[in-house]
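Results of the structural survey
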Amino acid sequence: MGNKSLRPLAGAIVLMAATVTTARAGNYCVAAPNSTGVGAVIDSQGSRSIAANQFTLTIQNAPPQAFGMFFYGGGSLQFPFGNGFRCVRGDGRGVHRFKGIKAIDTQGRAFLDVDFTRRPAGAGRGTVMPGSTWYFQFMYRDPRWVAPSDFNLSDGLMVSFEQ
């Protein structure tokens, strides 16, 4: 890589994505197994339209009654972190955490309604604009999983937004 500002961390696997006009949203990266025996999977519901402002991030297969947080950034990677893989990188726009810790329900699910009119998705370096592509992930505590860490991450979700 010639651009020094885009060098990956040592040991990171950088996923380079080509522009594909048909791709709107999709999962990528690895959802490492957690104490439930499977990996947590991130998805979305609602609309990718910024104007509609009806976009919800969802998690399933996370450890029941644990806690976690959603975050996003402008790039993707696959880098060992905790008991899983970090799938989101800043890519010059930074990594942004949504406010509030989310409780995972008894079924291993968590939800976040993204508000495109408020920070971080509605202002500053994390502003989600029509035509932009962002990468989302969920990091969560896994107190029943002992080694080497007590936290894990979901797979990643790439989303291209529209007007």
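So, a few notes on the structure that sits alongside this text. (Residues numbered from 1 in each chain as written. Predicted model: local features only at pLDDT ≥ 70, side-chain atom pairs only at ≥ 80, totals over all residues. Heavy atoms only, no water.)

Let's shift gears to the packing of aromatic side chains. Counting across every chain of the model gives 12 aromatic pairs. For the pair F55 and F161, a centre-to-centre distance of 5.1 Å together with 75 degrees between the ring planes defines the contact as edge-to-face. Of this pair, F55 sits in strand 4 (residues 55–60) while F161 sits in the segment after strand 13 (156–160), placing them 106 residues apart in sequence. The exposure class of F55 is buried, given its relative accessible area of 2%. Consider the rings of Y72 and F136, whose centres lie 5.4 Å apart with planes at 25 degrees: the pair is stacked. One end of the pair, Y72, is in strand 5 (residues 67–73); the other, F136, is in strand 11 (residues 133–141), and 64 residues separate them in sequence. Here Y72 falls in the buried class, since its relative accessible area comes to 0%. Through successive ring pairs, a cluster of aromatic residues spans F55, Y72, F98, F116, W134, F136 and F161. Here R93 stacks its cationic end above the ring of W134, 4.1 Å away from the centre of that ring. (Phe/Tyr/Trp six-rings, centres within 6.5 Å; stacked < 30°, edge-to-face > 60°. Helix = DSSP H or I, 4+ residues; strand = E, 2+ residues; numbered from the N terminus. Buried < 20%, exposed > 50% of the residue type's maximum accessible area, 1.4 Å probe, protein only. Lys NZ or Arg CZ within 6 Å of the ring centre and 35° of its normal.)

Mapped onto the elements of the fold, S47 is located in the loop between strand 3 (41–46) and strand 4. Considered as a pair, S47 and E162 are 115 residues apart in the sequence and their alpha carbons are 9.1 Å apart. Setting aside its immediate chain neighbours within four residues, S47 contacts A52, Q54 and F55. Polar side-chain contacts of S47 include one of 2.9 Å to the backbone nitrogen of S49. (Contact = heavy atoms within 4.5 Å. Polar contact = N/O pair within 3.5 Å; in protein donor to acceptor, adjacent residues only side chain to side chain.)

Take the side chain of S49 next. Structurally, S49 is set in the loop between strand 3 and strand 4. For S49, a relative accessible area of 13% corresponds to the buried category. A polar atom in the side chain of S49 sits 3.3 Å from the backbone nitrogen of A51. A distance of 3.0 Å separates the side chain of S49 from the backbone oxygen of Q163, its partner in a polar contact. Setting aside chain neighbours within four positions, we find S49 in contact with F116, E162 and Q163.

This paragraph deals with the side chain of S160. Its place among the elements puts S160 in strand 13. Using a relative accessible area of 12% as the deciding quantity, one classes S160 as buried. At 2.8 Å, the side chain of S160 forms a polar contact with the side chain of T133.

Moving on to the pairing of strand 7 (residues 84–89). Examined bridge by bridge, strand 6 (residues 75–81) and strand 7 share 5 bridges and lie antiparallel to one another. Residue F81 lies in a different strand from strand 7, and its bridge partner there is G84. Between strand 6 and strand 7, which follow one another and run antiparallel, lie 2 residues, and G82 among them has a positive phi close to 60 degrees. (Pairing = 2+ DSSP bridges.)

Below, the discussion takes up the sheet that holds strand 4. The strand order 3-4-10 describes an open sheet built from 3 strands, whose pairing is antiparallel. Strands with a single pairing partner mark the edges of an open sheet, and in this sheet they are strand 3 and strand 10 (110–114). Averaged over all neighbouring strand pairs, the angle between strand axes comes to 25 degrees, with direction disregarded. Two strands pair when backbone bridges link them, and strand 4 and strand 10 are joined in this way by 5 bridges, in the antiparallel orientation. The residue bridging T56 from the neighbouring strand is D113, located in strand 10. (Axes fitted to C-alpha atoms, helices over the stretch in contact; angles between N-to-C directions.)

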